[in-house]
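Each chain is listed here by its residues.
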Amino acid sequence: MTDGVVLKYDAITPFARGDGVKTRLMVGKRTADTAPFTTGTTVFPAGSAAPLHSHNCAEQVTILEGQAEALVAGQLIQLGAMDSTFVPADVPHYFKNTGAGRLVILWIYGAREVTRTFTETGETVPHMSPRDQV
């Protein structure tokens, strides 16, 4: 059992997701054996996006830096720094960097075991696995 974990952001190895997109797992099953959720950040270079997808659990996203276009359950919305979304399990969504600089999002999943299902193909992959690419 873990008494607690302190993570230094710069010490977290980024997971390359393709197209220059990088994700860092902060708290989750790989870093805290009793955490009931999964958190981290993803950095999107200008013009990049996550494809339309859904998860097996709820997700909350906060824009930390930059400008984003989000599609959540068919609703298209523009977001800026500190704007947040809540996406229930199995609801298709995406985030796209619409600014000139980078887009940084903080995400929180309501589960330890997270999957991503790509809407276009129907393929379901484990979160941050080799097939979890943009």
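One can find the structure itself at the top, above this paragraph.
Reference entry: report on the structure contained in this document. Please read all numbers here as calculations on a predicted model, not as lab measurements.

### Examining the nonpolar core
Part 1 of the argument: Grouped together as the largest cluster of nonpolar side chains are 22 residues, with contacts concentrated most on Phe44, Val61, Ile63, Leu79, Leu103, Ile105 and Trp107.
Part 2 of the argument: Contributions of two or more residues to this core are made by strand E5 (59-65), strand E6 (68-72) and strand E10 (103-109).
Part 3 of the argument: It is E10 that contributes the most residues to this core, 4 residues altogether.
Part 4 of the argument: The contact partners of Phe44, leaving out residues within four places of it in the chain, are Val21, Ala49, Ala50, Phe95, Asn97, Arg102, Leu103 and Ile105.

### Things to note about empty space enclosed by the protein
Part 1 of the argument: Inspection of the entire model under this criterion finds 1 cavity of 30 Å³ or more.
Part 2 of the argument: Here the lining of the largest cavity takes 3 residues from E10, the largest share from any one element.

### Observations regarding the sheet that holds strand E8 (residues 84-87)
Part 1 of the argument: The strand order E1-E2-E3-E10-E5-E8 describes an open sheet built from 6 strands, whose pairing is antiparallel. Whereas interior strands pair on both sides, the edge strands pair on one side only; in this sheet they are strand E1 (15-16) and E8.
Part 2 of the argument: Pairing of E1 with strand E2 (residues 22-25) involves 2 bridges; the strand directions are antiparallel. Residue pairing across strands places Ala16 opposite Lys22, the latter belonging to E2.

### Quick word on the environment of Ala16
Part 1 of the argument: Tracing the backbone through its elements, the reader meets Ala16 in strand E1.
Part 2 of the argument: Beyond its immediate sequence surroundings of up to four residues, Ala16 is in contact with Val21 and Gln133.

Rules of the game
- The residue count restarts for each chain, going from 1 along the sequence in the order it is written.
- Only residues with pLDDT of at least 70 get local features here, since the model is predicted, and only at 80 or more are side-chain atom pairs given and counted; chain-wide, interface and lining totals rely on the full set of residues.
- Excluded from the side-chain calculation are hydrogens and water; included are all heavy atoms of the structure.
- What makes a nonpolar core is a set of buried Ala, Val, Leu, Ile, Met, Phe, Trp, Tyr and Cys residues whose side-chain atoms join them at distances within 4.5 Å.
- With a 1.4 Å probe rolled over the protein chains alone, any residue whose accessible area is under 20% of its type maximum counts as buried; one over 50% counts as exposed, and the rest are partly exposed.
- Per the convention used, a helix needs a DSSP run of H or I reaching at least four residues, while a strand needs a run of E reaching at least two, with both numbered from the N terminus.
- Residue contacts are defined here by distance: any two heavy atoms, one from each residue, within 4.5 Å place the two residues in contact.
- For cavity detection a 1 Å grid was placed over the protein atoms alone, and a set of points counts as a cavity when a 1.4 Å probe fits there but cannot get out; an open set counts as a pocket when protein lies on both sides within 12 Å along at least five of seven lines, with lining residues being those that have an atom within 4 Å of a point.
- Grid points are joined across faces, edges and corners, and a volume is the space filled by probe spheres set on the points.
- Paired strands, as defined in this entry, are two strands with at least two bridges between them according to DSSP.

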